[in-house]
Amino acid sequence: MRDFLPADKARRERVLAVIRDRYRAHGFDEIETPVVEDYERLHAGIGGDNEKLAFNVLRRGLDADGIREAADDPAKLSDLGLRYDLTVPLARFYATNRGQLPSVFRAIQIAPVWRAERPQKGRYRQFVQCDIDIIGDATPRAEVELLVASLDVLDALGLEGGTIRINDRRALDAMLDVFGFSPEARPGVLITIDKLDKIGPDGVVAELRDRGTDEAAVAAFEAFLRRPQTREYLPYGEAQIRKALPQGVDDEVVAHLVGIGEAVAAARGQSDVPLTFDPFLVRGMGYYTGTIYELAHPSVSYSLGGGGRYDGMIGRFLGQDVPAVGFSIGFERLVDLVGADAGDAASAVVLVHDRDVPVAELAALKAALVAQGSRVRLEQRTKNLKALLERAGADGYTGFATVASGQSAESLEARPLG
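If you're wondering where the values come from, they're calculated on a predicted model, not measured in any experiment. (Residues numbered from 1 in each chain as written. Predicted model: local features only at pLDDT ≥ 70, side-chain atom pairs only at ≥ 80, totals over all residues. Heavy atoms only, no water.)

J.: It is not clear to me how the overall build of the protein chain should be interpreted in this structure. Could you clarify?
T.: Counting its regular elements, the protein chain contains 16 helices and 15 strands. When the 418 residues of the protein chain are sorted by exposure, 46% land in the buried category. Considering only contacts in the protein chain between residues 6 or more positions apart, those separated by 24 or more positions represent 66%. For the protein chain, the accessible surface area stands at approximately 21,000 Å², while carbon and sulfur atoms represent 50% of it. (Helix = DSSP H or I, 4+ residues; strand = E, 2+ residues; numbered from the N terminus. Buried < 20%, exposed > 50% of the residue type's maximum accessible area, 1.4 Å probe, protein only. Contact = heavy atoms within 4.5 Å. Areas by Shrake-Rupley, 256 points an atom, 1.4 Å probe, with all protein chains shown as cover.)

Encoded structure:
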């Protein structure tokens, strides 16, 4: 968990403002949910490994004897917990408020979440997630809207060149079926395949064998991984998808993925759609039921966000299935890539005044500049003026003016910092 100095906080808020603006432009509406949810809901088996990282809230009123009696059962010790993502709260929100929402609901959630991560670089126990979700639309249109809006956010932040890796859980299941992996073994097999980028084909095959997975299925999978492949460029589309999959995958799934690509290309007005089919993209959350995707940018090796379709989750709270699909931007990773926006600070000025300037004059002068749209800070002159101005520059100010008694806003001569 971190503190943010003024310049960092200002940059974060500028990026958040762009994200909100782009998402609202695409027809999404922002909601807010409590930071805590019921313990049972957070540990209902739909949050994957994140459930193990939840911060739980001790039940009120437990005395020492009660704590000792419940020590072996977390559910008796805790009745609430801090949210570890925004998807579980959204499912509960929709089930609670469905009667007041449109049949197809497009939600924005931008808020902090908490996970009991081990302290290490790039892993935070409190961080911001930026989610958009569409509930009530089972068609590919929902995926297309999410992908186009997310790519639009990157463009608006000056991070052109973003791409999205895409797959479908149904294609993964079909692929594992073709290779001969049993249904019982597939969850563990997917966990291993998800490590392909980190440990490579040799590591994946070795781990599958160490798991005691069926040897014939592992051999078939290994042969597919090591098959001869040509290196010619294939744009996103049916040819690329067919080439990346083994024979026997359902045509309907392929057509679904092709259609998404065609619609994204049409929305962005370009023939070279910024999608890449990745047959080994897994996404670790067990609640995904269809399309899954991750956002990438050429400047970094890690993903900047991702999501997928989770048609079965809301039904657990509502008692009937409701289609749902979402996309989450990793804000902490994204904000580090965005440079300082000088445009916001173009009219930010520091007024350096002498000790003898009356407070009433300073207040009136500052108010006049603020009314003209400037951001204004008052600073009394110090012996080390250079250090004062460097501090102001670090806080986002771009100009300064010296103030003597009797000056007006019109007589000020602002000079640039730096």
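What follows continues from the structure just given.
J.: Help me understand the environment of leucine 337, please; the structure alone is not making it clear to me.
T.: Turning to its location among the elements, leucine 337 is positioned in helix H14 (residues 331–337). Leucine 337 gets classed as partly exposed once you look at its relative accessible area, which sits at 24%. Residue contacts for leucine 337: discarding those within four places in its chain leaves Leu159, Ser299, Val300, Tyr302 and Leu304.

J.: How should the packing of helix H7 (residues 169–179) against helix H8 (residues 186–193) be read in this particular structure?
T.: If you want to describe how two helices pack, look at the angle between their axes and the distance between the axes. The N-to-C vectors of H7 and H8 enclose an angle of 105°; their axes lie 12 Å apart at closest approach. In this view, H7 runs roughly perpendicular relative to H8, as classed from their interaxial angle. In this structure, H7 contributes Leu172, Asp173, Leu176 and Asp177 to the contact, and H8 contributes Arg186, Val189, Leu190 and Ile193. For the contact of H7 with H8, a count of residues per class yields five nonpolar, no polar and three charged. (Axes fitted to C-alpha atoms, helices over the stretch in contact; angles between N-to-C directions. Parallel < 35°, antiparallel > 145°, perpendicular 65-115°, else oblique. Nonpolar A, V, L, I, M, F, W, Y, C, P; charged D, E, K, R; others polar.)

J.: Looking at this model, I keep getting lost on the side chain of aspartate 133. Mind explaining?
T.: Mapped onto the fold, aspartate 133 is located in strand E6 (residues 126–135). Nearest to the buried, unbridged aspartate 133 among oppositely charged side chains is arginine 309, at 10 Å. Side-chain polar atoms of aspartate 133 contact the side chain of tyrosine 310, separated by 2.6 Å. With residues up to four places along the chain from it excluded, the contact list for aspartate 133 reads Phe28, Leu90, Phe105, Arg106, Ala107, Leu146, Tyr310, Val325 and Gly326. (Lys, Arg positive; Asp, Glu negative; His and termini not counted. Salt bridge = Lys/Arg side-chain N within 4 Å of Asp/Glu carboxyl O. Polar contact = N/O pair within 3.5 Å; in protein donor to acceptor, adjacent residues only side chain to side chain.)

J.: Whenever I open this one, the pattern of salt bridges confuses me. Can you help?
T.: It is possible for side chains bearing opposite charge to pair when their charged atoms get close. Inspection of the entire model under this criterion finds 34 salt bridges. Residue arginine 242 pairs with glutamate 238 through a salt bridge whose shortest N-O separation is 3.5 Å. In this pair, arginine 242 and glutamate 238 both sit in helix H11 (residues 238–244), four residues apart, roughly one turn of the helix. Judged by relative accessible area, which is 35%, arginine 242 ranks as partly exposed. Judged by its relative accessible area of 45%, glutamate 238 falls in the partly exposed class. Put simply, Arg165, Asp197, Asp278, Arg283 and Glu294 are held in one network by salt bridges that share partners.

J.: Mind showing me how you'd approach the pairing of strand E14 (residues 399–403) here?
T.: One face of the sheet, then the other: side chains in a regular strand alternate in exactly this way. Among the five residues that make up E14, four are buried, leaving the element largely enclosed by the rest of the structure. Relative to E14, strand E12 (residues 348–353) runs parallel, the two being bridged by five bridges. Bridging from a neighbouring strand, valine 350 pairs with phenylalanine 400 of E14. Pairing of E14 with strand E15 (residues 415–416) involves two bridges; the strand directions are antiparallel. In the sheet register, phenylalanine 400 faces E15, and the bridge partner there is arginine 415. (Pairing = 2+ DSSP bridges.)

J.: For this particular structure, what's the right way to read the sheet that holds E15?
T.: Within a sheet, adjacent strands bond to each other through the backbone by hydrogen bonds, running parallel or antiparallel. Across the sheet, which stays open at both edges, the four strands sit in the order E13-E12-E14-E15 with mixed pairing between neighbours. Among the strands making up the open sheet, the edge pair consists of strand E13 (375–380) and E15. Sheet strands touched by helix H15 (residues 359–371): E12, E13 and E14. Its angle to E13, the strand with the most contacts, is close to 155°. Sheet contacts for helix H16 (residues 385–394): E12, E13 and E14; angle to E12, the most-contacted strand, approximately 155°.

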